[in-house]
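Architecture and fold: a report
The residues making up each chain are set out below.
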Amino acid sequence: MSKTSRTIVTMPATAKKGEILEIRIIVQHDMESGFRHTETGQRVPRDIIRDFACTYNGVEVFRVELHPAMGANPLIIFTTVATETGTLEFKWSGDNGYASSTTSTLTVT
Amino acid sequence: MTIDRRTFVMGAAVASLLPALNAFATVAEGTQAVDKILAGQPAKVGRVTLEIPPLVENGNLVTMKVSVQSPMTEADHVRAIHIVAEGNPLPNIVSFFLSPRAGRAAITTRIRLGDSQRVRAIAQMNDGSFWQGDAATLVTLAACTEV
Amino acid sequence: MPPSIYTFQRNALSQTDEASRSNKMPRVNSTNWVGQVFLSCLLGFLAPLGTLLPHKALSQVDPVGVERQSSYMLMSPDTKAMQDEPLLNPATFAVLDGQLLWQELAGKKNQSCASCHGDASVSMKGVAASFPKVNAAGQLLNLEGRINECRTQHQAAPAFTFESKPLLALTAFVSNQSKGMPITVERTTANETALASGERLFNQRMGQLNLSCAQCHAERSGQKLAGNPIPQAHPTAYPIYRLEWQAVGSLERRLRNCMAGVRAEPYAFGSNEFLELELFLAWRARAMPLESPGVRP
């Protein structure tokens, strides 16, 4: 497992009010499905991210429930409407107490 | 007790079908998962487009895009999109939950597909109705692997 | 399961290196033992003629009559896009990890890579593209070996284990500094023995399937193996995020997979055989641009 688990968010820094923005987010996580076996035949236990939520100035605007069939280093490309200037927070949570959060500011004109 | 040849051959023929029956079992599991989401409601075919490459080089990371025709207004929007597999060890792949704040119901992600199969997308609208779409894909195995 | 498209029968020729160099290997499908014996005798009789065939000089082992092509060209548009866009490329995380490690003080001498090498985008430009090479002490090293040489000699820190996350991260980071630059491995007086040895290994049959690298990757590149097109096997993108591994891995890891594919006992990580083979492969791919870090199925 990596010591670090980064999130890379790609989204514009500014937008016009009402504009639909595309947000790309990718997080560093092996998403161990629980179906792999070691060379000695032992099952590698499941260890995945289970939830992703995007909040916009505290209001949840998008949520994802992840299952073991989500690929490693989960990538999600989604959209949101630029309503007001503020902070978007991206939260991941999963097995074994995994939790990570990234924020991004958006200026809406 | 001796088994006559005819019975033996019939038995062997049925036994040879068992692996195939396993594959059908996951289609049944997929249907079960969809039924659970629908909870008795019908799912109309249409409005939902699921894009997966028809031929996939490696099932470990398959780019998938799902979009639903919807104005995404307060009155008419997509509440949830569920992606279900018919050929994976587990049927549920991912579920997305949206609101009119999304502007568009179009999401791209990368999933794992264990075998060639049909993948289904079920969209739930704010009025409680369901729409569905699907995509079939061939998953090839990598050449020269660890074992 | 190894794909079994070849139906070579073992015959007298398979034991001889000379005959294995010839382009056309006879495909013996006959299960009739009389036919086999006759054919073996005939071929055994003809085998010495193999020595009369012009031996390919070192400069002529590039795919015959075929332009050199990176395995990138054989990938689907989706996978190509995954490699091209750093924000879609799963190996980007390894590069970022490597960037952090570059600054990290380590070992008894408490030095970081940056302590001596400063800004990697300047000091490491073109470096990965020049490996494997022979060092001042006459030792053949690949990039991983060179990083470990710095680790042990200049940082007085323990060497990284092969395929460990830190070593892969540093290799990915350093290789990324040469992205787009041509591979500059040439034949020199220092490396020519190792290079010839690497060429021999490339042409040598191995494993239960009794296949050499050349038979698939030089003679049959572009043809299909279990549904996948066979690449020419140029190491232009290492370290790669292999979708099959769901992780970043080195060229040696991939070569071990090749050897497992022909049911041969894989050489050990860091072995002379691998170093010589890597040298030969890099030389064979000379002037091709580096794509590191790549994505491959």
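Structure shown above.
Residues numbered from 1 in each chain as written. Chains lettered and ligands numbered in written order. Predicted model: local features only at pLDDT ≥ 70, side-chain atom pairs only at ≥ 80, totals over all residues.

Counting its regular elements, chain B contains one helix and nine strands. N-terminal to C-terminal, the α/β element order of chain B is α-β-β-β-β-β-β-β-β-β. Buried positions account for 40% of the 147 residues belonging to chain B. Counted over contacts in chain B with a minimum sequence separation of 6, partners at least 24 positions apart contribute 66%. (Helix = DSSP H or I, 4+ residues; strand = E, 2+ residues; numbered from the N terminus. Buried ≥ 20, exposed ≤ 12 C-beta atoms within 10 Å, placed from the backbone. Contact = placed C-beta atoms within 7 Å.)

Okay, helix 9 (residues 192-203) of chain C next. Residue and element names in this part refer to chain C. When the terminal C-alpha atoms of helix 9 are compared, their 17 Å separation across 12 residues agrees well with the 16 Å that a helix rising 1.5 Å per residue should span. Listed as buried for helix 9 are Ala 194, Leu 195, Gly 198, Glu 199 and Leu 201. The arc that holds the buried residues of helix 9, viewed along the axis, is 160°, so those residues lie on one side. Across from the buried face of helix 9, at angles greater than 90 degrees, the exposed residues are Glu 192 and Thr 193. Looking at the buried residues of helix 9, the elements they touch are strand 2 (140-141) and helix 12 (272-284). (Expected span 1.5 Å × (residues − 1). Arc of directions from axis to C-beta.)

Okay, the interface of chain B and chain A next. Many authors give the size of an interface as the accessible area that is lost as the parts come together. Of the residues lining the interface, 25 residues belong to chain B; the matching set on chain A comes to 23 residues. Those elements that provide at least two residues to the side of chain B that touches chain A are strand 6 (92-97) and strand 7 (105-111) of chain B. Its residues assigned to classes, the side of chain B that touches chain A comprises 13 nonpolar, eight polar and four charged. With four bridges joining them, strand 5 (residues 59-66) of chain A and strand 6 of chain B adopt antiparallel strand pairing. The partner of A:Leu66 across the bridge, within strand 6 of chain B, is B:Val94. (Nonpolar A, V, L, I, M, F, W, Y, C, P; charged D, E, K, R; others polar. Pairing = 2+ DSSP bridges.)

Attention now goes to the pairing of strand 4 (residues 49-56) of chain A. Regular strands place side chains that alternate from one sheet face to the opposite one. Residues and elements named next belong to chain A. Here strand 4 runs beside strand 7 (residues 86-94); their pairing, made up of seven bridges, is antiparallel. Within strand 7, the position partnered with Ala 53 by the bridge is Lys 91. When strand 4 meets strand 5, the two strands line up antiparallel, connected through six bridges. Note that in strand 5 the partner of Asp 51 across the bridge is Glu 65.

Right, let's talk about helix 12 of chain C for a bit. Residue and element names in this part refer to chain C. Its 13 residues give helix 12 an end-to-end C-alpha distance of 18 Å, which sits within 8% of 18 Å, the value for a rise of 1.5 Å per residue. Among the 13 residues of helix 12, 11 are classified as buried, and the element is accordingly described as predominantly covered. Among all positions of helix 12, only Phe 274, Leu 275, Glu 276, Leu 277, Glu 278, Leu 279, Phe 280, Leu 281, Ala 282, Trp 283 and Arg 284 are buried. Tucked into the core, helix 12 has its buried residues touching strand 2, helix 9 and helix 11 (251-261).

So, about the sheet that holds strand 1 (residues 7-10) of chain A. Taken in spatial order, the six strands line up as 1(A)-3(A)-6(A)-7(B)-4(B)-2(B) in an open sheet, and their pairing is antiparallel. Both edges of this open sheet fall to strand 1 of chain A together with strand 2 (48-51) of chain B, since each of them pairs with a single strand only. Averaged over all pairs of adjacent strands, the angle between their axes in this sheet comes to 15°, without regard to strand direction. Relative to strand 6 (residues 75-81) of chain A, strand 3 (residues 20-27) of chain A is paired through seven bridges, and the arrangement is antiparallel. Bridging from a neighbouring strand, A:Ile20 pairs with A:Val81 of strand 6 of chain A. (Axes fitted to C-alpha atoms, helices over the stretch in contact; angles between N-to-C directions.)

Residues and elements named next belong to chain C. Pairing in this open sheet of three strands is mixed, and the strands run 6-5-7 from one edge to the other. Sheet topology places strand 6 (247-249) and strand 7 (294-296) at the edges, where each strand pairs with a single neighbour. Geometrically, the sheet is characterised by an average inter-axis angle of 35° between neighbouring strands, direction not taken into account.

Let's shift gears to the interface of chain C and chain A. Taken together, the contacts link eight residues of chain C with 11 residues of chain A. Residues that form the side of chain C that touches chain A fall into these classes: five nonpolar, one polar and two charged.

Residue and element names in this part refer to chain A. Pairing of strand 7 with strand 8 (residues 98-108) involves nine bridges; the strand directions are antiparallel. If you follow Trp 92 over to strand 8, its bridge partner there is Ser 100. Between the antiparallel neighbours strand 7 and strand 8 lie three residues, among them Asn 96 with a positive phi of about 55°.

Take the environment of C:Thr193 next. Inspection of the secondary structure puts C:Thr193 in helix 9. Here C:Thr193 falls in the exposed class, since 12 other C-beta atoms lie within 10 Å of it.

Residues and elements named next belong to chain C. Residues Phe 131 and Pro 132 are joined by a peptide bond in cis, for which omega reads 0°. Following the sequence through the fold, Pro 132 ends up in the loop between helix 6 (120-123) and strand 1 (133-134). Note the cis peptide between Ser 292 and Pro 293, where omega equals -5°. Note on placement: Pro 293 falls in the loop between helix 12 and strand 7. Although it is not a glycine, Asn 210 adopts a positive phi angle of roughly 55°. For Asn 210, the position within the fold is in the loop between helix 9 and helix 10 (213-217).

Attention shifts here to the nonpolar core. Of all hydrophobic cores here, the largest spans 117 residues; its most connected members are B:Ile81 and C:Leu279. Sorting elements by how many residues they give to this core places helix 12 of chain C first, with eight residues. Setting aside residues no more than four positions away along its own chain, C:Leu279 makes contact with C:Pro132, C:Leu140, C:Val185, C:Asn191, C:Ala194, C:Leu195 and C:Gly198. (Core = buried A, V, L, I, M, F, W, Y, C linked by C-beta atoms within 7 Å.)

Residues and elements named next belong to chain C. Looking at the secondary structure, you find Leu 281 in helix 12. In this structure Leu 281 comes out as buried when scored by C-beta crowding, with 24 C-beta atoms within 10 Å. Leu 281 sits 51 residues away from Ile 230 along the chain, and the two C-alpha atoms are 16 Å apart. Leu 281 has contacts with Ala 233, His 234 and Pro 235, leaving out every residue within four places of it along the chain.

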